[in-house]
Every structure is written in C-alpha cells, then in structure tokens.
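# Report on the structure
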Amino acid sequence: MIVAEQKNIAEILSSLENVNGKSYKRVVIASCGTCVTVCMAGGEKEALEVKNLMLVDAKEKGFDRTVSVVNCKRQCDKEFLEDLKGELQDGDVILSLACGVGVQFLAEFLDDKLVVPGLNTKFYGAAKELGYWTEYCQGCGNCLLESTGGVCPIARCSKTNFNGPCGGSQNGKCEISTDTDCAWQLIYKKLKSFDRLDRLEKIHEVRDWRTSRDGGPRTLKRLDVMIDEE
C-alpha cells in the first residue's frame, strides 16, 4: 500500500490562499477510501477532522468559509471520480487527501479547478502492527525478490547493496540504527530456511535502472483489456 501522513493544519491553510494572500471561500475536501484510509491519513474520518479545524480557523479570523467533504473510493481511478464530478465542482479549491498519484490524477480530471495536497506521500509499505508502517518496496520495475528470499535489498538495505552485506552490521542490525534490521541478514536467514543459499552465489551486475525512473513517467498497458473495452 502507499503510505502517507497528513500535513500540519498550518501548511494546509496556507495552501488555500491565492497569490494575493486571500483565502478561498468554498473548499471541497476529497478523501480517498483505499491506502490512505488504512494508514489513517486521508479517509472520511480524517477529512471531517480537517474540515472542523478549517471551520474553527475561519471562525476565529472572522472569515466566511464553507467546507464540504466528498468521499471517493479511489482518486486514482476515473470511474470513481465521474459520479462525484458535480460535488467536486462546487468548490473554489479542492483539498485532496490522497497520495501524490491521486492529487495529480484529480487535478488532471478537474483541469479547471485548483487541487492542493493535504498529505505527504511517504513510501510503499506494510503494516507491521497497528499504527506502524514500514517501507518494503520502491517500485523499481525489475523485481529480484526470487533471488533474495523475498526481502528487497533496494528498499530495505540502507546502502542498497545487491551482493551481500556491508561490514557495518552487527548482531543482525544495521549500523545506521539498532532499530533497523540488516536486510542481508534477513535474506540469508530466509534463503537458508528454504535450502536456497545457492542464490547468494549469483553476482548481480550493475543495475539497469531504466525500469525505474529513467526516461520519464512509466506506463503499463494491458492490450488484452484495452481491446475488450473497445
């Protein structure tokens, strides 16, 4: 899942001002019902909390502001935005509580509306326990988890080592922090448990990062699905 955290309210309020320092009067807050709801940053509950803070701020400043909340199942999918277009159009500005993908996609969908972010997108991660998420993937586009026992050295090794650990880890912990597991210690344990230590004998050549961010935004097209749609 994409993990994000909410911006502080001062930054959010600042983003709702135009170049003349005047605040937009009609604000629509768009929540997102998937990843950012799970990590308790941009769901309906959080949207209502931000709404209340904005109304309190407006009241204290004697400013006439209306704030509405639109709950979207997923802001990165056009089919879920179509039915909400009318409600979204009611605002002078849209505060998106989605990840960076949702903010940009919503801004593209509503090209006549200003869309500003209410969250900081952090990483692709998983929930270790309630309220605690950690990074597991950087979306490099060329997965090597088969040879590393399902542990990603790109996202989980502090030095992104591809051919074994550095000399700084001790007792299974990374030298940067005793709270951080050494990814290569995890890789070794996992491969050993499945009698696949031979995978460590493979030398990974210099990484071809063209599958990651070389050459602009990446795309994925499923022609079979696209043909069916036609």
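Counting through the fold element by element, R65 comes out in the loop between α3 (44–60) and β3 (66–72). Although R65 is buried, it forms no salt bridge, and the closest oppositely charged side chain is D57 at an N-O distance of 4.3 Å. Within polar-contact distance, the side chain of R65 engages the backbone oxygen of Y24 at 3.3 Å. Excluding residues that lie within four positions of it along the chain, R65 makes contacts with L13, L16, S23, Y24, K25, V27, M54, L55, D57 and A58.

Below, the discussion takes up α3. Over its 17 residues, α3 extends 24 Å from the first C-alpha to the last, a length consistent with the 24 Å expected when each residue adds 1.5 Å. For α3, the set of buried residues is E46, A47, V50, M54, D57 and A58. Each buried residue of α3 sits inside an arc of 110° when the element is viewed along its axis, so together they form one side. Among the exposed residues of α3, those pointing more than 90 degrees away from its buried face are K45, K59 and E60.

This next bit is on the side chain of K7. Locating K7 in the fold gives a position in the loop between β1 (2–6) and α1 (9–15). A polar atom in the side chain of K7 sits 3.0 Å from the side chain of E11. If near-sequence neighbours (up to four positions away) are discounted, K7 is found in contact with I12, P117, G118, L119 and N120.

This part covers the sheet that holds β3. With parallel pairing, the four strands of this open sheet are ordered in space as β3-β2-β4-β5. Each end of this open sheet is capped by a strand with a single partner; those strands are β3 and β5 (114–117). Averaged over all adjacent pairs, the angle separating strand axes in this sheet is 25°, with direction ignored. Alignment of strand β2 (residues 26–32) against β3, held across seven bridges, turns out to be parallel. Its bridge partner lying in β3, A30 is registered against V70.

Strand order in the open sheet formed by three strands is β1-β6-β7, with antiparallel pairing between adjacent strands. In the strand order of this sheet, the two ends are held by β1 and β7 (132–137), each with one partner. Across the sheet, the mean angle from the axis of one strand to that of its neighbour is 70°, orientation sign disregarded. One ladder, built from five bridges, connects strand β6 (residues 119–129) with β7; its direction is antiparallel. Bridge pairing in β7 links Y124 to C137.

Quick notes on the rules
- Residues numbered from 1 in each chain as written.
- Predicted model: local features only at pLDDT ≥ 70, side-chain atom pairs only at ≥ 80, totals over all residues.
- Heavy atoms only, no water.
- Helix = DSSP H or I, 4+ residues; strand = E, 2+ residues; numbered from the N terminus.
- Buried < 20%, exposed > 50% of the residue type's maximum accessible area, 1.4 Å probe, protein only.
- Lys, Arg positive; Asp, Glu negative; His and termini not counted.
- Salt bridge = Lys/Arg side-chain N within 4 Å of Asp/Glu carboxyl O.
- Polar contact = N/O pair within 3.5 Å; in protein donor to acceptor, adjacent residues only side chain to side chain.
- Contact = heavy atoms within 4.5 Å.
- Expected span 1.5 Å × (residues − 1).
- Arc of directions from axis to C-beta.
- Pairing = 2+ DSSP bridges.
- Axes fitted to C-alpha atoms, helices over the stretch in contact; angles between N-to-C directions.

Geometric descriptors of this kind do not, in isolation, establish any biological role.
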